[in-house]
Amino acid sequence: MIEIKMVVTVDVRNFLTSFFYAAAGIWHTLLTQRNMRVHFAAALLVLGLAVYLEVEAHDLLFLIFSITLVIMAEMFNTAVEAVVNLYTQTYHPLARVAKDVAAGAVLVAALNSIAVAYLVIYPRLSGK
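- Naming follows an unreviewed UniProt entry, where the chain appears as Diacylglycerol kinase of Pelotomaculum isophthalicicum JI.
- Here is the UniProt Subcellular location (unreviewed entry) comment for the chain, exactly as written: "Cell membrane".

Quick look at the structure:
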């Protein structure tokens, strides 16, 4: 019989530092990106309304996933823009493609989020 033991060591300082850097990324995006603040405000509004309307757990899960998708897309968009700006300060067609595609991903996520919110919230507001 062969016995395999795995020893996992965690450097707590490095682990906590990685969370600090991640939080700094979220904070940076909130401070510098108007659309991120709009997404956060909309998310708080929808979640508050969902709690007020006593939305079921599975529907709340759909809302949370769609909100998370939008926030993540906005953060990826911010990262793509920062990298493109770091690489070139002059106009380049591929730089524009990268930025437009990243912005398009945010739009797709936001439209999905609106559809999910409509499907979850509207029936409760209209009494259906």
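### Let's talk about the packing of helix 2 (residues 34-52) against helix 3 (residues 57-87)
Right, so step 1: Two elements in contact, helix 2 and helix 3, have axes whose closest approach is 10 Å; the angle formed by their N-to-C orientations is 175°. Taken together, the axes of helix 2 and helix 3 are roughly antiparallel relative to one another. Taking contact as the criterion, the partners of Asn35, Met36, His39, Phe40, Ala43, Val46, Leu47 and Ala50 in helix 2 are, on helix 3, Leu60, Leu63, Ile64, Ile67, Val70, Ile71, Glu74 and Met75.
Right, so step 2: Broken down by class, the residue content of the contact of helix 2 with helix 3 amounts to 13 nonpolar, 2 polar and 1 charged.

### Brief notes about the domain arrangement of the chain
How big an interface is tends to be stated in terms of the accessible area lost upon association of its parts.
Right, so step 1: According to the domain assignment, the chain consists of domain 1 (1-32) and domain 2 (33-127).
Right, so step 2: Summarising the inter-unit geometry, the C-alpha centres of domain 1 and domain 2 are found 25 Å apart.
Right, so step 3: At the interface, 6 residues of domain 1 touch 7 residues of domain 2.
Right, so step 4: Summed over both partners, the interface of domain 1 with domain 2 comes to about 600 Å²; 66% of that surface belongs to carbon and sulfur atoms.
Right, so step 5: Counting the surface domain 1 buries against domain 2, the share from its top three residues, Thr29, Leu30 and Thr32, is 77%.
Right, so step 6: Linking domain 1 with domain 2 are 0 salt bridges.

### Things to note about the UniProt feature "binding site: ATP" (unreviewed entry) in the chain
Right, so step 1: Mapped onto this numbering, the UniProt entry annotates "binding site: ATP" (unreviewed entry) at Tyr21, Glu81, Lys99 and Asp100. The greatest C-alpha distance among the residues just named is 26.6 Å, and with 80 residues of sequence between them they are spread in space as well.
Right, so step 2: Positionally, Lys99 belongs in helix 4 (residues 93-126).
Right, so step 3: Judged by relative accessible area, which is 27%, Lys99 ranks as partly exposed.
Right, so step 4: Ignoring anything within four residues of it in the chain, the contact list for Lys99 reads Asn77, Glu81, Val84 and Asn85.
Right, so step 5: Looking at Lys99, its side chain comes within polar contact range of the side chain of Asn85, at 2.6 Å.
Right, so step 6: Inspection of the secondary structure assignment puts Asp100 in helix 4.
Right, so step 7: Residue Asp100 is classed as partly exposed on the basis of its relative accessible area of 43%.

Rules and cut-offs
Residues numbered from 1 in each chain as written. Predicted model: local features only at pLDDT ≥ 70, side-chain atom pairs only at ≥ 80, totals over all residues. Heavy atoms only, no water. UniProt positions renumbered as here; feature names shortened; annotations may be inferred. Axes fitted to C-alpha atoms, helices over the stretch in contact; angles between N-to-C directions. Helix = DSSP H or I, 4+ residues; strand = E, 2+ residues; numbered from the N terminus. Parallel < 35°, antiparallel > 145°, perpendicular 65-115°, else oblique. Contact = heavy atoms within 4.5 Å. Nonpolar A, V, L, I, M, F, W, Y, C, P; charged D, E, K, R; others polar. Domains from an automatic or database assignment. Buried area = accessible area lost by both parts, 1.4 Å probe. Salt bridge = Lys/Arg side-chain N within 4 Å of Asp/Glu carboxyl O. Buried < 20%, exposed > 50% of the residue type's maximum accessible area, 1.4 Å probe, protein only. Polar contact = N/O pair within 3.5 Å; in protein donor to acceptor, adjacent residues only side chain to side chain.

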